[in-house]
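# Chains, contacts and geometry: an overview
Take a look at the letters that make up each chain.
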Amino acid sequence: MTGKHGESGTSTKTHKTIHLFRKGLRLHDNPSLVWALESSRVVYPVYVLDRIFLEGALRTGALRWRFLLQSLEDLHIQLAVLGSRLYVVQGRFEAVLRHLIAKWGITQLTFDVEVEPFYARLDEDLGAMGKELGLSIHTCVAHTLYNVSRIVEVNGGHPPLTYKKFLQVLSTMGEPDRPAREITAQDFLNCPTPVDASEEFRVPSLEDFGIVVESEVLWPGGESHALKRLEKHFESQGWVANFSKPRTIPNSLLPSTTGLSPYLSLGCLSVRTFYHRLSNIYAQSKNHSLPPVSLQGQVLWREFFCTVASATPNFTCMAGNPICLQIGWYEDTEALKKWRTAQTGFPWIDAIMTQLQQEGWIHHLARHAVACFLTRGDLWISWEEGMKVFEEYLLDADYSVNAGNWMWLSASAFFHQYTRIFCPVRFGRRTDPDGQYIRRYLKVLQNFPSRYIYEPWTAPLEVQVEAGCVIGRDYPLPMVSHSEVSQKNLALMAQVRREQASTAQLTRDVTDDPVEMGMKREHVEDQGFRDGISEQPERPCKRLSPEGDCPVTPCSWSHDGLSLPKLSGEVM
């Protein structure tokens, strides 16, 4: 394969090329498509819809299916405006490609490099097929800011396992590449797409797959919607420059973050475009927020997890994962079901899980709360189970960020202040004392007085009857005593960390996570979460701390360069 760093250039236009869309469902900043157009006589934009792969390796649920199909339809429309079209072909990946290569006389394949193991295996298969059939194959890096293999190489052949070390490595590498040039109608005049209007190649509908989605579309899929959302947020340069992740609201009825993570995850929006647009705003602002809490920092969290995932065996599992604590989680299918189906008896937790199922998105702090509840806080159930649920429902589900955040939030890796546990009552009430968020997503509790809505089991029976919801009959009692199980789990986690201290140290910075530290400074007096067994106190890094008393000195990449759940944030 060639061009893994996305180098530009032209060659004699001799090829008949298939450009494979996978996650980069966009025309802006698409270097591998630019290469195809500049090196070919004809180009066929193709998306192989391998349903077995999408529902198996990627666990695509109904909401993600809708988002994907909308994104494909949007891409088809954008290509048609330029005089081309998208060929959507259903079937197993290699079989489909072999058929099209023979049918169209293809001599070249172009596509973007991905970091996930299943895509890496697919790329190896494509390379072997290309060698067998005598095809030229050209690949580019476009889903991450940097070539993550290069980051690993610069770090001595292994991934940087802490965010601080990661930033140190980036500081030696210079700025990420600028986005690829714009693709225009002239490109497709010079390199046309043979247009076949056959129904065989149309974008299928949900009905074609027997998938029913009744919920409102809050995040319509597609590049055009991504760019509109980007422009809307960038209208307020002050909001962008001063964005701070811990100050966003976990139970706001409208997203207080950018809401761009679904588009970044599927590649409808280029992370490099986002990065460099942020850079332009930062360059004009004397006082802007800094990593890790800034928008810049959130993009770099995403890059961090992509880098670690690319070079860590079994990254999405506990067993065989060298950086993950090996914990004897409980196997409790009934408790897992109650959490998944919003039947825990804790209204704030259940409201979050209801929003997740209905809309495919929840705020990153809401993700923190339900993840902590499932794992180390209350139920002591493996983070892998929660990761699978998020992968099915979240529109911004991402292999690297999703797994990384679940390890983080379960204190299995990356995060080490495990004594901080989100209270399933107080944390939500702090930002929404009237419970409007709960009333929105748990209609059964909508008539409860604000005094009781976070703890409805404490309401007198006559209040429950008047509200039309008797606890234990119309809405479940709490499935656990939070104060009791959280203390028990703290003791279990302390024991695990004593016994596996060397593993815990692998992903531990001298400084703690500034996102969590900032949150704690602002809210600990409100008891949104509680400290239990204490660890040796750690000295915060003043440069990354909002309360540092020394001058802020940005890294070389801060100003001149730039989910996120944290797309770690948006992705958790």
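Starting from 1, residues in each chain are numbered consecutively following that chain's sequence as written. The predicted nature of this model means local features are confined to residues of pLDDT at least 70 and side-chain atom pairs, given and counted, to a pLDDT of 80 or more, with totals for whole chains, interfaces and linings taken over all residues. Side-chain numbers here rest on the full set of heavy atoms in the structure, without hydrogens or water.

On to the packing of helix α17 (residues 383–393) against helix α18 (residues 399–409), then. Interaxial angles span 0 to 180 degrees and are taken between N-to-C directions of axes, which are lines fitted to C-alpha atoms, for helices over the stretch in contact. Numbering of helices and strands runs from the N terminus; a helix is a DSSP stretch of H or I covering at least four residues, while a strand is a stretch of E covering at least two. Remark: α17 packs on α18, axes separated minimally by 9 Å, with the N-to-C direction vectors making an angle of 145°. At the point where α17 passes α18, the crossing takes the right-handed sense. Facing W383, G386, M387, F390 and E391 of α17, the residues of α18 in contact are N402, A403, W406 and M407. Three residue categories are used. Nonpolar comprises Ala, Val, Leu, Ile, Met, Phe, Trp, Tyr, Cys and Pro, charged comprises Asp, Glu, Lys and Arg, and polar comprises the others, including Gly. In terms of residue class, the contact of α17 with α18 is built from six nonpolar, two polar and one charged. Each crossing gets its hand from how the near helix is turned against the far one by less than a right angle, where anticlockwise is left-handed and clockwise is right-handed. The criterion used for residue contact is that any of the two residues' heavy atoms lie within 4.5 Å.

Turning our attention to the layout of surface pockets. Here a cavity is any set of points on a 1 Å grid over the protein atoms alone where a 1.4 Å probe fits but cannot get out, and a pocket is any open set with protein on both sides within 12 Å along at least 5 of 7 lines; a residue lines the site when it has an atom within 4 Å of a point. Grid points are joined across faces, edges and corners, and a volume is the space filled by probe spheres set on the points. Approximately 480 Å³ is the volume found for the largest pocket. If you go around the largest pocket, you meet 29 residues; those closest to its centre are L58, R64, F118, E391 and A397. A total of four residues in the lining of the largest pocket trace back to one element, the largest contributor, which is α17. When grouped by side-chain class, the residues that make up the lining of the largest pocket number 16 nonpolar, four polar and nine charged.

Further remarks concern the sheet that holds strand β1 (residues 15–21). Pairing between strands is defined by DSSP: at least two bridges between the two strands are required. Overall, parallel pairing links the five strands, which are arranged β3-β2-β1-β4-β5 in an open sheet. Across the chains shown, the open sheet's two edge strands, defined by having one partner strand only, are β3 (87–90) and β5 (136–141). For this sheet, the mean angle separating the axes of adjacent strands, direction not counted, is 30°. Sheet topology note: the strand β2 (residues 40–49)/β3 ladder contains four bridges and is parallel. The residue of β3 that forms the bridge with Y47 is V88.

Here we come to empty space enclosed by the protein. Here the second largest cavity is characterised by a volume of approximately 70 Å³. What lines the second largest cavity is simply F21, R22, Y47, V48, D50, F53, L54, F93 and Y119. Per-class residue counts for the lining of the second largest cavity are seven nonpolar, no polar and two charged.

On to the pairing of β1. For a regular strand, side-chain orientation follows a simple rule: the groups alternate between the two sheet faces. Among the seven residues of β1, six are classified as buried, and the element is accordingly described as predominantly covered. Pairing analysis gives seven bridges linking β1 to β2, with the strands arranged parallel. Bridge pairing in β2 places L20 opposite V46. Each parallel crossover has a hand, and the one from β1 via helix α1 (residues 31–39) to β2 is right-handed. As paired strands, β1 and strand β4 (residues 108–113) are joined by three bridges and run parallel to one another. In the strand pairing of β4, I18 is matched with L109. Buried, partly exposed and exposed residues are distinguished by accessible area as a fraction of the type maximum, computed with a 1.4 Å probe on protein chains only: under 20%, between the cut-offs, and over 50%, respectively. Convention used here: a crossover is right-handed provided that the path from the first strand, over the helix, to the second strand proceeds clockwise when the strands point away from the viewer.

So, on to the pattern of salt bridges. The working definition used for a salt bridge is a side-chain nitrogen of Lys or Arg within 4 Å of a carboxyl oxygen of Asp or Glu. Tallying each qualifying case throughout the model produces 22 salt bridges. Note that E38 is salt-bridged to R181, the shortest N-O span being 3.1 Å. Remark: R181 occurs in the loop between α7 (163–171) and α8 (185–190) and E38 occurs in helix α1; sequence separation between them is 143 residues. Take E38: its relative accessible area is 18%, and that puts it in the buried class.

This part is about the pairing of β5. In terms of burial, β5 is a largely internal element, five of the six residues being buried. As paired strands, β4 and β5 are joined by six bridges and run parallel to one another. If you follow Q108 over to β5, its bridge partner there is S136. Remark: the β4/helix α5 (residues 117–133)/β5 crossover connection has right-handed handedness.

All right, on to helix α22 (residues 482–499) then. Between its first and last C-alpha atoms α22 spans 26 Å; for 18 residues at 1.5 Å apiece the expected length is 26 Å, and the two agree. H482, V485, S486, N489, L490, M493, A494, V496 and R497 are the residues of α22 that are buried. Between the first and last residue of a helix there are one fewer steps than residues, each counted as 1.5 Å, and that sum is the expected span.

Now for the environment of S502. Tracing the chain through its elements places S502 in helix α23 (residues 501–506). Residue S502 is classed as exposed on the basis of its relative accessible area of 59%. Separated by 177 residues in the primary sequence, S502 and L325 place their C-alpha atoms 9.7 Å from one another.

That's the geometry; what it means functionally is another story.
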